[in-house]
Amino acid sequence: METTLRGVGVSHGVAIGEIRHMGTAVLEPPARQIPGSEAPREQRRARQALHAVAADLTARGFLAGGDAQAVLEAQALMARDPELLADVERRVAVGSTAERAVYDACAAYRDLLLGAGEYLAGRVADLEDVRNRIVARLLGVPMPGVPDSDEPYVLVARDLAPADTALLDTALVLGIVTEEGGPTSHSAILARALGVPAVVGVPGAAELPESTVLAVDGSTGEVIVDPSAARQDGLRALAEQRKAELAAAKDPGRTSDGHLVPLLANIGGPADVQAALEAGAEGVGLLRTEFFALSSPGSPGSPGSEEAPSESSQVEAYREVLSAFPGRRVVVRVLDAGADKPLGFLTPTDEPNPALGMRGVRTLLQHPEVLRTQLLALTKAAEGLPVHLEVMAPMVADRADARAFAEACRAAGVRASVGVMVETPSAALRARALLREVEFLSVGTNDLAQYAFAADRQASSLSRLQDPWHPALLDLVAMTAEAARAEGKSCGVCGEAAADPLLACVLTGLGVTSLSMAPAALSRVRAALATCTLAQCRRAAAAARSADSPEEARLAARAVLSGE
């Protein structure tokens, strides 16, 4: 019988197909004792397995590029952790097999993470995936992961490991449904990047029987179990209508009455350029330069390296991106190291709460030689190119941070517009003061929500407070945009909020001057903006801000824009 489950729609589109469950189970290795003479061999097996899994994760990230690369490199760091290896070798020395030592060492680390606060507790799923991969390799059994299937299917999982999500075959995976996760979880971000319809946070999804037919609507968050033939036909017709609307939307971003809203792409490097161009990006609103530093393990700039990437290697990588966008804006974020993107040459290893510690511009100002090298590389990369280069700093807290970054840019001879990201409540509250030091602002809604609500963006249990529709978050965006308007400067949004077509209209109504998102979202946002006037966007924004919850804000905005 047809039933409807509800979650959070995180990647637009409609998918209909049979369920295939993600294979995640790895049997617990038996706790048998080995003689001391076997310990060196078992320690060697453990080292080889740890290194092999780290290399595999890094290779997957390099192939995937974009957001996936940083996520997978963070997992690879877990497998390379010298403390983990030392713990495994200690356990083998007192009689454990290699696989049991890995299992027990990871269990100890898991307990530490769970007890270290919400931020690090959110890393447990990644640690468990790393453990499963190492143990599977040692046991000689198939790796956990995406199921084998000759027919297209809807992938259902309790949650998705980044290593699997990053390289999904989109010709086979019609849609994704997860029981856990929120709008800014790894699975949500990667599903959007792949352009696969996805709904996360669906209670009971993992218990649905294999081969059950599901209809997934990534726009509404509905998951229909055993949909009737009529319901399937209706959803397919809706999907075709949406596709036709997207195909017709090719012009620059603008409202129906001609108000221009440049639509830009978030990218991680050269591998993402083609997708951005094909999607009609009017430029780049966020180039995440830390992905360059994560590109090759063991080389300067890689996570475990104590040596920053060279100026010449940076020039080459940046120039490849800049040259692809002649006459257009390319906004480059300087290294945002720290928290879930640690870099060996920058990131402290002993912080109790990395999300609230040395990350972003704070780290760079403590390592001025790294910042200066990057700024010089960007300047040289742009020489002779007809590109509008803009450079911005992440995690700016106050005017002193903004001034220090602007002075560093001037000292390095940067010939570009200088801006800062608004990711902390203090930056939103004092946006006019920041704009007396820099030329533009860019709102990172993911981190702004995390810090405004004191809610770890990776914790699915706090997804209610990670919703970009929360009226309090909209108030902070409105405050920032108004400050920019008062100073005669620009204010863009480069967080995942910009990828929601309905919310993009609301952000426009709040006064945001550009929107930047994953390339796969550009067409839908372009089509949505073209259906409403600027006045409608402003009314929708006011209606959303007057609500008391994300759900009410979304409904209020939709009512205004649909003419209800």
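Residue indices follow the written sequence of each chain, beginning from 1 at its first position. Note on the predicted model: pLDDT of at least 70 is required for a residue's local features to be given, and 80 or more for side-chain atom pairs to be given and counted; whole-chain, interface and lining totals, by contrast, use all residues. Note that water and hydrogens are dropped before the side-chain values are worked out from all heavy atoms of the structure.

(A) Seen up close, the nonpolar core. Put simply, a nonpolar core is a bunch of buried Ala, Val, Leu, Ile, Met, Phe, Trp, Tyr and Cys residues held in one set by side-chain atoms that sit within 4.5 Å of each other. Only protein chains enter the accessibility calculation, which uses a 1.4 Å probe; a residue whose area is less than 20% of its type maximum is buried, one above 50% is exposed, and one in between is partly exposed. Membership of the largest hydrophobic core comes to 96 residues, with the highest contact counts inside it found for Val391, Phe405, Val506, Leu507, Leu515 and Met517. Secondary structure elements are taken from DSSP: a helix is a run of H or I of four residues or more, a strand is a run of E of two residues or more, and numbering for both begins at the N terminus. When residues of this core are assigned to their parent elements, the largest contribution, eight residues, is made by helix 19 (residues 471–487). Contacts were defined at the residue level, with two residues in contact if any of their heavy atoms lie within 4.5 Å. Contact partners of Leu507, with chain neighbours within four places excluded, come to Val477, Val493, Ala497, Ala498, Val512 and Leu515. Ranked by size, the runner-up nonpolar core spans 28 residues in total, among them Ala46, Ala76, Leu127 and Ile134.

(B) Broad picture of helix 19. Here helix 19 spans 24 Å end to end across 17 residues, near enough to the 24 Å set by a 1.5 Å rise per residue. By the burial criterion, the buried members of helix 19 are Pro471, Leu473, Leu474, Leu476, Val477, Ala478, Thr480, Ala481, Ala483 and Ala484. At the exit of helix 19 stands Gly488, carrying a positive phi of roughly 70°. The span you would expect from a helix comes to 1.5 Å times its residue count less one.

(C) Structural context of the pattern of salt bridges. The working definition used for a salt bridge is a side-chain nitrogen of Lys or Arg within 4 Å of a carboxyl oxygen of Asp or Glu. For the structure shown, the criterion picks out 31 salt bridges. The partner of Arg41 in a salt bridge is Glu38, with the nearest N and O atoms 3.6 Å apart. Taking the relative accessible area as the measure of exposure, Arg41 reaches 39% and is therefore partly exposed. By relative accessible area, which is 25% here, Glu38 ends up partly exposed. Between Glu179 and Arg158 there is a salt bridge, with its nearest N and O atoms 2.8 Å apart. Placement of the pair is Glu179 in the loop between strand 5 (173–178) and helix 8 (186–194) and Arg158 in the loop between strand 4 (153–157) and helix 7 (162–165), with a sequence separation of 21 residues. Residue class for Arg158 comes out partly exposed when judged on its relative accessible area of 39%. Several salt bridges converge on common partners, so that one network encompasses Glu38, Arg41, Glu42, Arg45 and Glu99.

(D) Highlighting the confidence of the model for the chain. Confidence scores here are pLDDT values: one per residue, from the predictor, ranging 0 to 100. Per-residue pLDDT for the chain has a mean of 87; in total, 88% of the residues score no lower than 70. Across residues 295–305, where pLDDT falls below 50, the model places 30 contacts with residues more than four positions away in sequence or in other chains.

(E) Spotlight on the pairing of strand 14 (residues 440–443). Of the two faces of strand 14, the one lined by Phe440 and Ser442 and the one lined by Leu441 and Val443 are each fully buried. DSSP calls a pair of strands paired once it identifies at least 2 bridges connecting them. Where strand 13 (residues 417–422) and strand 14 come together, four bridges link them in parallel fashion. When the bridges of strand 14 are listed, Val422 appears paired with Val443. In this structure, strand 14 lies alongside strand 15 (residues 490–493), joined through four bridges in parallel fashion. Paired with Ser442 across the strands is Gly492, a residue of strand 15.

(F) Highlighting the sheet that holds strand 7 (residues 213–217). Spatial ordering of the open sheet is given by 1-8-7-3-4-5-6-2, a layout of eight strands whose pairing is mixed. Looking along the sheet, the strands with just one partner apiece sit at the ends: strand 1 (3–6) and strand 2 (8–11). Each strand axis lies, on average, 30° off the axis of its neighbour in the sheet, ignoring direction. The pairing of strand 5 with strand 6 (residues 198–200) spans two bridges and is parallel. If you follow Val177 over to strand 6, its bridge partner there is Val199. Note on geometry: axes are C-alpha line fits, over the in-contact stretch for helices, and angles between N-to-C directions span 0 to 180 degrees.

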